[in-house]
Amino acid sequence: MAEAVIFLGPPGAGKGTQAKRLASEMGFKQLSTGDILRSHVARGTELGRLAKPIMDAGKLVPDELILGLIGEELSSMPDPRVIFDGFPRTLAQAEALDKLLRERKIRLLGVLLVTAPEDELVRRLLGRALEEGRSDDNEETIRARMAEYRQKTQPLVDYYQKTGSLKQINGLGKVDEVYQAIQEALGVKA
Ligand code: ADP
């Protein structure tokens, strides 16, 4: 059956790590809009050239571009089983995704809100800067990404709370502990 899970949360909460593991254990495809954009930047595509300065400024890439990417990915999957990581990030994206899920008859298993205190998030992102060298993991851009999250993405918490899909996950523990909490929230624990 066509099914989806959404990961929501601020930068540095650990969404990517958890989404990757959940996807591989549940046989889902992880769709990370950040990873897809970074691959466009690395390949120097037109989209990549457009997105790079926006990403480096810690701002959000325009909804139309993101929705184009997601539409493309989903239309290539006959029976989508996907974990959305870093999408949706704005109300317009959330509404467009709802429509897509309805049209494609994809069941939403849950929206996982992974959170941690902001000083911990910043500490993790600065640590990642040293390990991975992502050009948007510097202090100034991190601050801008946090502000974008608060302004544009945080309203989605209310949106999904109202539909009853939201599941709160404490992202502060060890990677394994957070993963356990996610499995319990989704009711998929073996
Ligand atoms: P993080 O959550 O760690 O900040 P991501 O890898 O999810 O990082 O995203 C990196 C950047 O890619 C964002 O700061 C933004 O510029 C862009 N981006 C990713 N997903 C979206 C989205 N759904 N809408 C708009 N911009 C996005």
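Scroll up a little and you will see the structure.
Residues numbered from 1 in each chain as written. Predicted model: local features only at pLDDT ≥ 70, side-chain atom pairs only at ≥ 80, totals over all residues. Heavy atoms only, no water.

On to the sheet that holds strand β1 (residues 3-8), then. Adjacent strands of a sheet pair through backbone hydrogen bonds, lying either parallel or antiparallel. Here we have 5 strands laid out as an open sheet, ordered β2-β3-β1-β4-β5, and parallel in their pairing. Two strands in the sheet have a free side with no partner beyond their single neighbour: β2 (29-32) and β5 (166-170). Sheet twist, expressed as the mean angle between neighbouring strand axes with direction ignored, is 20 degrees. Bridge count between β2 and strand β3 (residues 81-85): 4 bridges; the pairing is parallel. Within the sheet, the bridge partner assigned to Gln30 lies in β3 and is Ile83. Across the face of the sheet, helix α1 (residues 15-26) comes into contact with β1, β2, β3 and β4 (107-115) while running at roughly 175 degrees to β3. Relative to β5, helix α9 (residues 175-186) is tilted by about 160 degrees, and along the sheet it contacts β1, β4 and β5. (Pairing = 2+ DSSP bridges. Helix = DSSP H or I, 4+ residues; strand = E, 2+ residues; numbered from the N terminus. Axes fitted to C-alpha atoms, helices over the stretch in contact; angles between N-to-C directions. Contact = heavy atoms within 4.5 Å.)

Turning our eyes to something else, we now look at helix α4 (residues 63-75). With 13 residues, α4 should cover 18 Å at 1.5 Å per step; its first-to-last C-alpha distance of 18 Å lies within 8% of that length. Of the positions making up α4, those classed as buried are Ile66, Leu69, Ile70 and Leu74. Buried residues of α4, viewed axially, fall in a sector of 125 degrees; they line one side. Exposed residues lying more than 90 degrees from the buried face of α4 are Glu64, Glu72 and Ser75. Looking at the buried positions of α4, the neighbouring elements they touch are β2, α2 (33-43), α3 (46-56), β3 and α5 (91-104). (Expected span 1.5 Å × (residues − 1). Buried < 20%, exposed > 50% of the residue type's maximum accessible area, 1.4 Å probe, protein only. Arc of directions from axis to C-beta.)

Geometrically, the link from Phe87 to Pro88 is a cis peptide bond, its omega value of -5 degrees lying close to zero. The residue Pro88 is located in the loop between β3 and α5 in this model. Positive phi is not limited to glycine here, since Lys105 has a value of about 55 degrees. Within the secondary structure, Lys105 sits in the loop between α5 and β4. Note on Lys105: relative accessible area 70%, which makes it exposed.

A volume near 1100 Å³ is recorded for the largest pocket. What lines the largest pocket is a set of 44 residues, and nearest its centre among them are Gly12, Lys15, Arg128, Arg134 and Arg145. Among the elements that make up the lining of the largest pocket, the one with the highest residue count is helix α6 (residues 118-132) (6 residues). Looking at the lining of the largest pocket residue by residue, the class counts come to 12 nonpolar, 17 polar and 15 charged. (1 Å grid on protein atoms, 1.4 Å probe; cavity = no way out; pocket = protein on both sides within 12 Å on 5 of 7 lines; lining within 4 Å. Points joined across faces, edges and corners; volume = space filled by probe spheres on them. Nonpolar A, V, L, I, M, F, W, Y, C, P; charged D, E, K, R; others polar.)

A word on the nonpolar core. In this structure, Leu8, Leu37, Phe84 and Tyr160 are the most contacted members of the largest nonpolar core, which totals 32 residues. Of all elements in the fold, only β1, α2, α3, α4, β3, α5, β4 and α8 (155-162) reach the threshold of two or more residues within this core. Residues in contact with Leu37, not counting those within four places in the same chain, are Leu47, Ala51, Met55, Val61, Ile66 and Leu69. Residues Val5, Leu125, Tyr179 and Leu186 belong to the second largest nonpolar core, which totals 21 residues. (Core = buried A, V, L, I, M, F, W, Y, C linked by side-chain atoms within 4.5 Å.)

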